[in-house]
Structures are given as C-alpha cells and as structure tokens.
Amino acid sequence: MHKRAPQDELVFLPLGGSGEIGMNFNAYGFGPENDRQWIIVDCGVLFGREGHTPGVDLIMPDIRFLAEQRQNVLGIVATHAHEDHIGAIAPLWPSLRCPVYATPFTARLITGKLDEAGLASKVKVKEVPVGGSLTLGPFQLDFISITHSILEPNLLAIRTPLGVVAHTGDWKIDPDPLLGEETDTAALEKLGDEGVLALVCDSTNALVPGSSGSEATVRKELAELVATLKGRVAVTGFASNVARLDSVARAAKSAGRRVALVGRSMQKMVAAARETGYLKDFPPVLDETEVADLPAHKVLYLCTGSQGEPRAALARIADDSHPNVELREGDTVIFSSRVIPGNELAIADIQNKLAARGIALLTVDDHHVHVSGHPCRDELSQMYRWIRPKLALPVHGEMRHQVAHAELARQLQVPQAMVPENGQLFRLAPGRPVLIDEVPSGRVHMDGRVLVGEGAGLAKDRRAMAFAGLLVVSLVVDHKGRIAAPPTVLGEGIPEPVEEAVLKAVEATIDGNKRSDIDDLAENVRKAARRAAHDAWGKKPITRVLVNEI
Ligand SMILES: [Zn+2]
Ligand SMILES: [Zn+2]
C-alpha cells in the first residue's frame, strides 16, 4: 500500500454532473497540494436542447484544469455505460491521454465509441472483471456490483492512505434485476464496517418518496399487455436497458410474435450484451424487412426514439417515412420509458401523429411499463444505513435534488453533508472535510466536429438569429475612404419591408456623413440599421457591416 507523507491530502473535484443531470465527471486527487495524482470517475455528456443550444447535440465539461496537468492523471474509471458517464471519453481523451478502466460490457461499448472516433488504436481500454479491483498509484479501487437500468453498474470503493470514499455511480435497489448481478449487500455492509469518509451519491430521485421498483414487475406487465394486443406492436424504450429489451423479447415470444430491432443503438446494445456473455437465450431477431411480410399479429418492433429524437426510428415511423416499418390503424405503440424533462413537446408531437392515424398508445401514465433506474428516498436511506459515511456529498442531480438529498442525509444522522458545485475542490482528509478552492470549470459544446467553449457564445448568437435573423450591410470605399458604390443590404430571416427600411436608413447615414473615419462610419451605419429595423419591425437583428476597400 502507498505510504502517506505529512503533506498528503485527499481531495474531491466534481467538474460535471453537479447542478445538472448529465455530463458526469468527478475527480479524486491525492498528494501534496502542488503535486497531486488524479483519477477520474466517469466522463459523460449532456444532450443539447434544440431551442437552447441550436446545432449542438453534445455538451461536455470543461476539463482544462486536469488537461493542464495530464501527466498526473492516472486514468479514467467508468462506473457504467450510460452516455452521461462514458459519452465524453472519446471527444475529451485527446486532452487527457490516459488509460480507461471499465467492466467488460462497459469496456465493449467504450471501445465501440473510440473506434467510431478513430481512436481505438491509441487508447488503452483495460477491462476490470465484474466485482474486481484495480490499483492506480495511491488509489486502490474495488468494483462493487449494484443495480441500475443497464448491465454492470458499479459502486466504487476508493481506498487511499487517508481513508475510503464510496462513489455510488448510478444505482437503485432492484431486488430482481433479471440480468446481471444483484446488489452486493454484503460488500456494502462490509465497506460500512471499515469506516467510510464520504459517500458520493446519485441524487436523481432524491425528491421521490418510496422505492423505484423492479424490472421484474415491468416484465410481467409487458407480457400481459402484449398477450392481449391485436395488430402490430411497437415497443420503444432506452436501448441501453438490456434487461428491458429481454423482457420485451420474451413477451413477444410468448405471444407468438417475432422481434425486429429497429434503430442502430438497439442493434449495438444487443450485440454488446451478447458479446460479453449476456442474452444467451434472446430469441433470434429478424431484419425489419423480413417481418414486413409476416401477418400483423406475428410482429413486434423494438425501436429507438422514446424521447422524441427526430432522427430515431419512432419519429420516422410516426411520420410514416420509415423505409421498412409501417404502422396502421389498430396497431399499438408501447412507450416503455419515462419522459426526460425537456423532451415533453417532441414526444407529444410523435404521439399526436400516431394517434391521428388510429394507432393506440400505451404509456407509463396508465400501465406499469417502466421503472426508474435511480434510488428514491427509501433506497437512499438504505444506502446510508449500509455505508454509514462521515460525510454525504450528493452529486448526479440538479441543485434541488442535491439539496433534498443532503437534507435527507442529515435526517439520517450523517454527521456532515455538503452540496458540491462543478469546479469546487474539497479536501476530504486529513481533518474535517472542507471546501478549499474553486478551479476553472464550465461546459464545452461539440459543435459539428469542433469543440467550442460555451463562453464563445455561439449558441447565444444562434438563438438571437433564430429570433430576429441576420442583417449584413455592405459598404464599398476607395483608397481614400470615400464611399465608392451604393450600399447593399442582405437579410436572412428578415421581412422584406424591414430590409427596405434598413437600406433607406443606411443611405441617409452615408449621405449625412462628413469626413468621418471609416470605422466610425461603419459603426454609425450599424447602429442606424438596427434602429431602422427596430422602428419598422419591433426587433433588432444581429447586424454586421462589411467594408470592402477597392
Ligand atoms: Zn447517470
Ligand atoms: Zn446511468
């Protein structure tokens, strides 16, 4: 075991996932203040929202603080394979260049993503067996099996010479997870007996009373529902919930239906699960073109797009524009999922299109077709009883979830609870845990193929353009700075009468111009153009003036 020096400290630094559900990125540092070694736990993305970050699909944490000392970063450890935990590994790896550690199913999916990014030959992805251990410098990690809504979720027991931290990752207590390991309660209790400095824990459902429920009850409900349905059945849900896919496939089989996987991520998940030893008796799936010839009551489609994603299978089916899948009156779509906040309108849009065509909708509103993968308050309480930490550090939540979680921990007699924000550096040991520093943090956007800091304001400019268009005024000047041609105005997304009013205002400004500096003139023209647009229209577009010298 690593020896402890007098100046050594154990610190915790969240760079993503505190104050938001998504882009989880937590780092632990050990060593003297000016020479810490780091491990990173999870490296995930947040999905962009059309209205808020137009043109940006993926958002990830700003990790420059660690990138600047990447020689001290020992590795990225992934708790499980959800996008909000592994989705940023490929895009951020070039600024970290460290090995990646994960259990086999998670490692398989990470490798697939690195492959797509052209990084597979550069990145060392090292498999840790389920229930295995790993030593990285002063950190000794045990992977403890828990349950969630994906295969191989792990709680990490992070041991250091200054004490142990329990990092839950995402979890729930599912007494019957159907696939993969059950919660290793013996290991959790044993960890609690050891004495744990801090529990860094999932806050997603900290406001929800009771328990999240079991996949087994959803399996039963799906089987009963599918057995009663006539016509074609399509089930949509999260592709990463492999146990759920298995439940749907079993429901289909016992109802005499063949299963077709529709959507690339469904196919990828099933393949990854099979390659790592799961889904051994998953029924053989047919191609979506093969089932098209079967009678309606013999078909079940398992499709992506439960969140209303416009390019996913379900959106195209709802539009009746899918090349191989066609639903008609009397068919049924089961939404085996919840509505992720922000996606309400997109999902409603799809459901309206399906309903308009006489397709029946079954959702979690009136059927038990989904359970959450995150711990509700009774489950959180149980975890605190197992681990008995000295400090609660609620992460993986919006501020309201984190605050409710911290309050619950206090009610459960945890001696100390702190609500971390991204960029805050906490010393966990030695001594009483305390906030000691604030490091640069924030968000970066994957904008097309380019990573752009949120501070660059591109999303803000695009929102402004979506609201009031873009106006360009072109001026032509000679080498003495005199106007040499009539000005032109080009508008995008601007009503024609407004453009005409702007052109008049620009001409008047130029005519009234007396020997002024060309930069001053350009600025006066810009202001006049915006004012004219506002007078004619009530809106001020983004306005640019181009000066062309001849
Ligand atoms: Zn998560
Ligand atoms: Zn998760």
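This text gives an overview of the structure that appears in the document. (Residues numbered from 1 in each chain as written. Chains lettered and ligands numbered in written order. Predicted model: local features only at pLDDT ≥ 70, side-chain atom pairs only at ≥ 80, totals over all residues. Heavy atoms only, no water.)

**Concerning the coordination of the zinc ion (ligand 1)**
Turning to step 1, where the next piece is worked out: Looking at the zinc ion (ligand 1), one finds its protein donor set to be D84 (OD), H85 (NE2), D170 (OD) and H396 (NE2), positioned 2.0 to 2.2 Å from the metal centre.
Turning to step 2, where the next piece is worked out: Taken together, the four donor atoms surrounding the zinc ion (ligand 1) define angles of 87 to 162° at the centre, an arrangement classified as irregular.
Turning to step 3, where the next piece is worked out: Donor residues for the zinc ion (ligand 1), ordered by position in the chain, follow D-H-x84-D-x225-H.
Turning to step 4, where the next piece is worked out: Metal-to-metal, the separation of the zinc ion (ligand 1) and the zinc ion (ligand 2) is 3.5 Å; D170 coordinates the two. With a gap of 312 residues between them, D84 in helix α2 (residues 83–86) and H396 in the loop between β19 (391–395) and α13 (399–411) connect regions that are remote in the sequence.
Turning to step 5, where the next piece is worked out: Classification of D84 as buried rests on a relative accessible area of 15%.
Turning to step 6, where the next piece is worked out: The exposure class of H396 is buried, given its relative accessible area of 3%. (Donors = N, O, S within 2.8 Å, 3.2 Å for Na, K, Ca; no water. Tetrahedral: all angles 85-135°; square planar, octahedral: opposite > 155°, others 65-115°. Helix = DSSP H or I, 4+ residues; strand = E, 2+ residues; numbered from the N terminus. Buried < 20%, exposed > 50% of the residue type's maximum accessible area, 1.4 Å probe, protein only.)

**Some thoughts on helix α12 (residues 377–387)**
The periodicity of an α-helix, 3.6 residues per turn, causes residues three or four positions apart to be oriented the same way.
Turning to step 1, where the next piece is worked out: When we look at burial in α12, the residues that qualify are E379, L380, S381, M383, Y384, W386 and I387.
Turning to step 2, where the next piece is worked out: Contacts made by the buried residues of α12 are with β11 (154–160), β12 (163–167), α5 (185–194), β13 (198–202), β19 and α13.
Turning to step 3, where the next piece is worked out: Positioned one or two residues after α12, R388 has a phi angle of 50°, which is positive. (Contact = heavy atoms within 4.5 Å.)

**Describing the coordination of the zinc ion (ligand 2)**
Turning to step 1, where the next piece is worked out: In this structure, H80 (NE2), H82 (ND1), H148 (NE2) and D170 (OD) serve as the protein donors to the zinc ion (ligand 2), at separations of 2.1 to 2.3 Å.
Turning to step 2, where the next piece is worked out: Taken together, the four donor atoms coordinating the zinc ion (ligand 2) span angles of 92 to 161° at the metal, a pattern that classifies the geometry as irregular.

**Topic: the nonpolar core**
Here is a general trend for soluble globular proteins: nonpolar side chains tend to be buried in one another's company.
Turning to step 1, where the next piece is worked out: Core analysis: the largest hydrophobic core is formed by 72 residues, its most contacted members being W38, L66, F105 and I334.
Turning to step 2, where the next piece is worked out: Top element by residues in this core is helix α7 (residues 242–254). It accounts for seven residues.
Turning to step 3, where the next piece is worked out: The residues contacting I334, other than those within four sequence positions of it, are L222, V226, L229, V233, A234, V235, T236, L362 and V369.
Turning to step 4, where the next piece is worked out: Within the second largest apolar cluster, 29 residues are counted, among which are I39, V77, L156 and F426. (Core = buried A, V, L, I, M, F, W, Y, C linked by side-chain atoms within 4.5 Å.)

**Section: empty space enclosed by the protein**
Turning to step 1, where the next piece is worked out: Following the criterion strictly, the structure yields three cavities of 30 Å³ or more and no others.
Turning to step 2, where the next piece is worked out: Of the voids in this model, the largest cavity is the one considered here, and its volume is about 200 Å³.
Turning to step 3, where the next piece is worked out: In terms of lining residues, the largest cavity is bounded by 22 residues, among which I150, L151, E152, P153 and L179 are the most central.
Turning to step 4, where the next piece is worked out: The residue inventory of the lining of the largest cavity, partitioned by class, reads 10 nonpolar, eight polar and four charged.
Turning to step 5, where the next piece is worked out: Here the second largest cavity defines a volume of roughly 60 Å³.
Turning to step 6, where the next piece is worked out: Taken together, 13 residues make up the lining of the second largest cavity; nearest its centre are H85, H167, G169, V395 and H396.
Turning to step 7, where the next piece is worked out: Considered class by class, the residues forming the lining of the second largest cavity number three nonpolar, seven polar and three charged. (1 Å grid on protein atoms, 1.4 Å probe; cavity = no way out; pocket = protein on both sides within 12 Å on 5 of 7 lines; lining within 4 Å. Points joined across faces, edges and corners; volume = space filled by probe spheres on them. Nonpolar A, V, L, I, M, F, W, Y, C, P; charged D, E, K, R; others polar.)

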